[in-house]
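Fold and contact review
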Amino acid sequence: MDDFHKTRRLPPYVFEQVNRLKAKARAAGADIIDMGMGNPDLPTPQHIVDKLTETVKNPRTHRYSASKGIPGLRRAQANYYERRFGVKLNPETQIVATLGSKEGFANMAQAITAPGDVILVPNPSYPIHAFGFLMAGGSLRSIPAEPGPELFEALERAVIHSIPKPIAVVLCYPANPTAACADLEFYKDVVAFARKHEIFVLSDLAYAEIFFGDTPPPSILQVPGAMDVAVEFTSLSKTFSMPGWRMGFAVGNERLIAALARVKSYLDYGAFTPIQVAAATALNGPDDCIVQMREVYRKRRDVLVESFGRAGWKIPAPEASMFAWCPIPEPFKAKGSLEFSKLLIEKADVAVAPGIGFGEHGDDYVRIGLVENEQRIRQAARGIRRFFDECGIGNNNLQSAEESR
């Protein structure tokens, strides 16, 4: 039977091939260290869980909720943005609660995209940034993922040569999968460009609180005039280790927020009310748990870079996010990221995400999530070193290959 129109536009899900191989290895008794999916392993802070269990005991909270989010939750998000970024938001017109940032992004695509509309999307990028618009009938044009001059050159070319003119550009910093970061000066240039060419900016800020330096990642909405063109998506999944709770937000430009709210009103009644109440408690509560979460990821990052480096795989230390974007070692590069990822499962008992799953320009990399504890990360490094040794390309040979490039 032929695929339906929308599913026909979607390529095969690369990650599913890795997942099948991982499941097969585990069924055979292998202890697979899974660093492929960005699925936080840390528990949700107890005060958030306590608020959920307290609220769920009230039968009134079992009714349908509000699609755009209960008022207290939207006020909590507004307060968070004012504390964190110095940005004032109107909870009634500039904030919509979403079922995670992924759902918000997909439904924003449905809300604003007409058949054939051109969207500028980083390559590599988180899959929903591209495929949300493909499912909505749009057309994609790739731009670089790094926030540098080449990105702006690509934006200029797109405006000149795309027919029709692009309607929106997608940004994601700290980036998934590359962990690239952007500063406020970059966002100023983006806003100026978007206002000049009347293009919307959709900014994914899901990793705003996972950073390892002294400077927190900024919001594009800190730029004067950004509200004219930009909407930003955030999530509680990583910030508060609440991935399964499915709670996120879209904030910013009133026209875009109204469009998203209207689409969502036809599709859902919002998250379960006790989850929304608990999410408001998270946003209004102390940030000790955020600081602790950040330190856990920093330590894991350091262990990853150190132990994998000793195993012969040099990995650049990410400045933010819960991921490392790792160049495939030279002896394996010709295999591509999917085959290399399969080899790591079969030979090292380690699962990673193949870079090709994030776009064609990611095929020289794999993404490693900081979702295992320090002991398991060191265990993964030992498995990788054993695999490299068995291939006759131990630490010294790998380093020599890298230096000869």
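Residues numbered from 1 in each chain as written. Predicted model: local features only at pLDDT ≥ 70, side-chain atom pairs only at ≥ 80, totals over all residues. Heavy atoms only, no water.

**As for the sheet that holds strand 11 (residues 353-354)**
Strand order in the open sheet formed by three strands is 9-12-11, and the pairing between neighbours is antiparallel. The open sheet has two edge strands with one neighbour each: strand 9 (323-327) and strand 11. For strand 9 and strand 12 (residues 365-369), the ladder comprises five bridges, and the chain directions are antiparallel. Residue pairing across strands places Trp325 opposite Arg367, the latter belonging to strand 12. (Pairing = 2+ DSSP bridges. Helix = DSSP H or I, 4+ residues; strand = E, 2+ residues; numbered from the N terminus.)

**Notes on the layout of surface pockets**
If a probe the size of a water molecule is rolled over the atoms, the empty space left behind becomes visible. Roughly 1,200 Å³ of volume is contained in the largest pocket. If you trace the largest pocket, you find 50 residues lining it, with Tyr13, Phe15, Lys102, Tyr126 and Pro127 closest to the centre. Going through the elements one at a time, helix 2 (14-27), helix 5 (100-112), strand 3 (118-122), helix 6 (127-135), strand 4 (139-143), helix 9 (236-239) and strand 11 are the ones with two or more residues in the lining of the largest pocket. The dominant element in the lining of the largest pocket, judged by the number of residues it contributes, is helix 6, at six residues. Class assignment for the residues of the lining of the largest pocket results in 27 nonpolar, 16 polar and seven charged. In this structure, the second largest pocket occupies an estimated 240 Å³ of space. The wall of the second largest pocket is formed by 17 residues, among which Cys181, Thr215, Pro216, Pro217 and Glu319 lie closest to the centre. (1 Å grid on protein atoms, 1.4 Å probe; cavity = no way out; pocket = protein on both sides within 12 Å on 5 of 7 lines; lining within 4 Å. Points joined across faces, edges and corners; volume = space filled by probe spheres on them. Nonpolar A, V, L, I, M, F, W, Y, C, P; charged D, E, K, R; others polar.)

**A short note on the packing of aromatic side chains**
Taken as a whole, this structure holds 19 aromatic pairs when the rule is applied. Summarising the aromatic geometry, the rings of Tyr64 and Tyr269 are spaced 4.1 Å apart at their centres and angled 20° between planes, so their arrangement reads as stacked. With Tyr64 in the loop between helix 3 (46-56) and helix 4 (71-85) and Tyr269 in the loop between helix 10 (254-267) and helix 11 (273-284), this residue pair connects regions lying 205 residues apart in the sequence. For the pair Tyr64 and Tyr269, one class covers both residues: exposed. Taken together, the aromatic side chains of Phe308, Trp313, Phe332, Phe340, Phe387 and Phe388 make up a single cluster linked through ring pairs. Over the face of the ring belonging to Phe323 we find Arg367, whose NZ or CZ atom lies 3.9 Å from the ring centre. (Phe/Tyr/Trp six-rings, centres within 6.5 Å; stacked < 30°, edge-to-face > 60°. Buried < 20%, exposed > 50% of the residue type's maximum accessible area, 1.4 Å probe, protein only. Lys NZ or Arg CZ within 6 Å of the ring centre and 35° of its normal.)

**Quick word on the confidence of the model for the protein**
On average, the protein scores 93 in pLDDT, and the residues at 70 or more come to 96%. In this model, residues 400-405 is a region of pLDDT below 50 whose contacts with residues beyond four sequence positions or in other chains number six contacts. (pLDDT = per-residue confidence, 0-100. Contact = heavy atoms within 4.5 Å.)

**With respect to unusual backbone geometry**
Residue Asn123 is joined to Pro124 through a cis peptide bond whose omega torsion reads 10°. Looking at where Pro124 falls in the secondary structure, it is placed in the loop between strand 3 and helix 6. Ile163 connects to Pro164 through a cis peptide bond whose omega is 0°. Relative to the elements of secondary structure, Pro164 occurs in the loop between helix 7 (149-161) and strand 5 (168-172). Phi at Ala179 takes a positive value of approximately 65°, unusual for a residue other than glycine. Within the secondary structure layout, Ala179 lies in the loop between strand 5 and helix 8 (184-197).

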